[in-house]
Amino acid sequence: MIGCLFSRASVPAPGISYRRIVARLSLVFIFLIAAKFFGSEETDKAKSVTFAKSSESLRQKSHEVQCPLDYHTERVTFPKCLTGRCGRYVMDEVVRQDEAQHLLRIAQSGLKHGGSSGGASILDLHSGALSFETKFINIYKIADVFTQEDFDVYKRVKNKIHSAIATSFNMQPEALYLTKPTFFSRMNSREAKTVHDEYWHVHIDKETYGSFHYTSLLYLSNYGSDFSGGRFVFVDRAANVTVEPRMGRVSFFTSGSEHPHFVERVESGTRYAITISFTCDPNKAISDPILPSEGQS
Ligand SMILES: O=C(O)CCC(=O)C(=O)O
Ligand SMILES: [Fe+2]
């Protein structure tokens, strides 16, 4: 069989010229190159544009995108919160460095009591959920880790981000509510052990989490020095658009199908961030976390 194929390849059939073979091979070659560049795997997109570099401090950088159809349908229900504009923002001056450092210490001291066996761990101060090997435990049941000051800083920073979103999207702050899940994340290059470790998949927050209308991310470590890989990537039609995490950097965007995104795999080091989510639906609102009183945990 193999011999047959070889002989067919080396002796052109009558009527097929070498020129034709070269032309066909060229077509195959062009097709392979095109497949590499325009392949369906979004994460392989060759064209990548940096929206925010970790080396630059941005007071504000924004980009407006077209809102999807279902956004306009939902506007009827939440007209004060869905103001007709969809887009993304990066701001480096909303959260102070000392506040970001304080939040990093909260994340580290909480995660000391657990941590995933794979590459992604979370800590949720609202529910107490903490990654532990391949599952989750309630940190409030096992340790008395946090102080009132920790909760005060957390709330102050959340309020600043809430105001920045309300102002940027031109809404009354009362129309926008904190929702769940809102959580610290720690990512590294460890091999995934469960689906919860697979943070690198393209997703849409409104579909993944249900209640989100506005997603915000506060970065607690620096791309390039604390870790490599791990950039945030918007999967736009024309190109992938990256945000490089930077200590204290706030990035926020409307959470619908206009913003598919993923986090690149971390190659080395440790990446810390907080996902703080907001909804327009008062029924999906959550309150600020409070320090569990003695005997309550
Ligand atoms: O940490 C990030 O940069 C993004 C995380 C994310 O996409 C999410 O929590 O839904
Ligand atoms: Fe997300």
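Remember, predicted model here, so these are calculated numbers, not experimental data. (Residues numbered from 1 in each chain as written. Chains lettered and ligands numbered in written order. Predicted model: local features only at pLDDT ≥ 70, side-chain atom pairs only at ≥ 80, totals over all residues.)

Q: Explanation requested: the packing of helix α4 (residues 97-111) against helix α6 (residues 148-168) in the structure shown.
A: Helix-helix packing: each pair is described by the crossing angle between the helix axes and the interaxial distance. At a minimum axis separation of 10 Å, α4 and α6 run at an interaxial angle of 125°. Considering their axes alone, α4 and α6 lie oblique with respect to each other. Crossing hand, α4 versus α6: left-handed. On α6, the residues touching Glu 99, His 102, Leu 103 and Ile 106 of α4 are Asp 150, Val 153, Tyr 154 and Val 157. Grouping the constituent residues of the contact of α4 with α6 by class yields five nonpolar, one polar and two charged. (Axes fitted to C-alpha atoms, helices over the stretch in contact; angles between N-to-C directions. Helix = DSSP H or I, 4+ residues; strand = E, 2+ residues; numbered from the N terminus. Parallel < 35°, antiparallel > 145°, perpendicular 65-115°, else oblique. Left-handed = near helix turned anticlockwise from the far one by under 90°. Contact = placed C-beta atoms within 7 Å. Nonpolar A, V, L, I, M, F, W, Y, C, P; charged D, E, K, R; others polar.)

Q: Hey, could you run me through the sheet that holds strand β14 (residues 261-263) in this one?
A: Two pairing modes exist for strands in a sheet, parallel and antiparallel, and in both the strands are linked by backbone hydrogen bonds. Judged by pairing direction, the sheet is mixed, and its four strands sit side by side in the order β1-β12-β11-β14 without closing on themselves. Edge positions in the sheet fall to β1 (48-52) and β14, since each has one partner strand and no second. With strand direction ignored, the average angle separating the axes of adjacent strands in the sheet is 25°. Note that β1 and strand β12 (residues 240-243) share four bridges and pair parallel. Paired with Thr 50 across the two strands is Thr 242, which belongs to β12. (Pairing = 2+ DSSP bridges.)

Q: Can you help me understand the UniProt feature "domain: Fe2OG dioxygenase" (unreviewed entry) in the protein in this one?
A: In the numbering adopted here, UniProt assigns the feature "domain: Fe2OG dioxygenase" (unreviewed entry) to residues 180-282. End-to-end, the C-alpha atoms of residues 180-282 are 12 Å apart, and along that stretch the chain is 5% helix and 45% strand. (UniProt positions renumbered as here; feature names shortened; annotations may be inferred.)

Q: Help me out: how do you make sense of the site of ligand 1 in this one?
A: Around ligand 1, a shell composed of Ser 185, Asp 205, Leu 217, Phe 232, His 261, Val 263, Ala 273 and Thr 275 is seen. Looking at side-chain class alone, the shell around ligand 1 contains four nonpolar, three polar and one charged residues. (Near = placed C-beta within 6 Å.)

Q: Sorry, what's going on with the nonpolar core here?
A: Most often, soluble globular proteins have nonpolar side chains that are buried together. Judged by nonpolar contacts, the single largest core of 57 residues is most densely connected at Leu 103, Ala 107, Leu 123, Leu 218 and Leu 220. At six residues, the largest contribution of residues to this core is made by α4. (Core = buried A, V, L, I, M, F, W, Y, C linked by C-beta atoms within 7 Å. Buried ≥ 20, exposed ≤ 12 C-beta atoms within 10 Å, placed from the backbone.)

Q: I tried to follow the pairing of strand β16 (residues 271-279) on my own but got confused; where do I start?
A: Residues in a regular strand point their side chains to alternate faces of the sheet. Buried residues dominate β16, accounting for eight of its nine residues. Pairing geometry for strand β8 (residues 177-187) and β16, over eight bridges, is antiparallel. Directly across from Met 187, in β16, lies its bridge partner Arg 271. Bridge count between strand β9 (residues 214-219) and β16: six bridges; the pairing is antiparallel. For Tyr 219, the partnering residue across the bridge sits in β16 and is Ala 273.

Q: Explain unusual backbone geometry here, please?
A: In this model, Lys 180 is joined to Pro 181 through a cis peptide bond whose omega is 0°. One non-glycine residue, Glu 133, lies in positive phi territory at about 55°. Locating Glu 133 in the fold gives a position in strand β6 (residues 129-133). When the 14 C-beta atoms within 10 Å are taken as the criterion, Glu 133 is described as partly exposed.

Q: Explain the environment of Thr 279 to me, please; I cannot follow it from the model alone.
A: Note on placement: Thr 279 falls in strand β16. Among the residues examined, Thr 279 registers 24 C-beta atoms within 10 Å and is labelled buried. As for Thr 279 and Thr 215, which are separated by 64 residues in sequence, their C-alpha atoms are 8.8 Å apart. Setting aside residues no more than four positions away along its own chain, Thr 279 makes contact with Tyr 177, Thr 179, Ser 211, Phe 212, His 213, Lys 284 and Ala 285.

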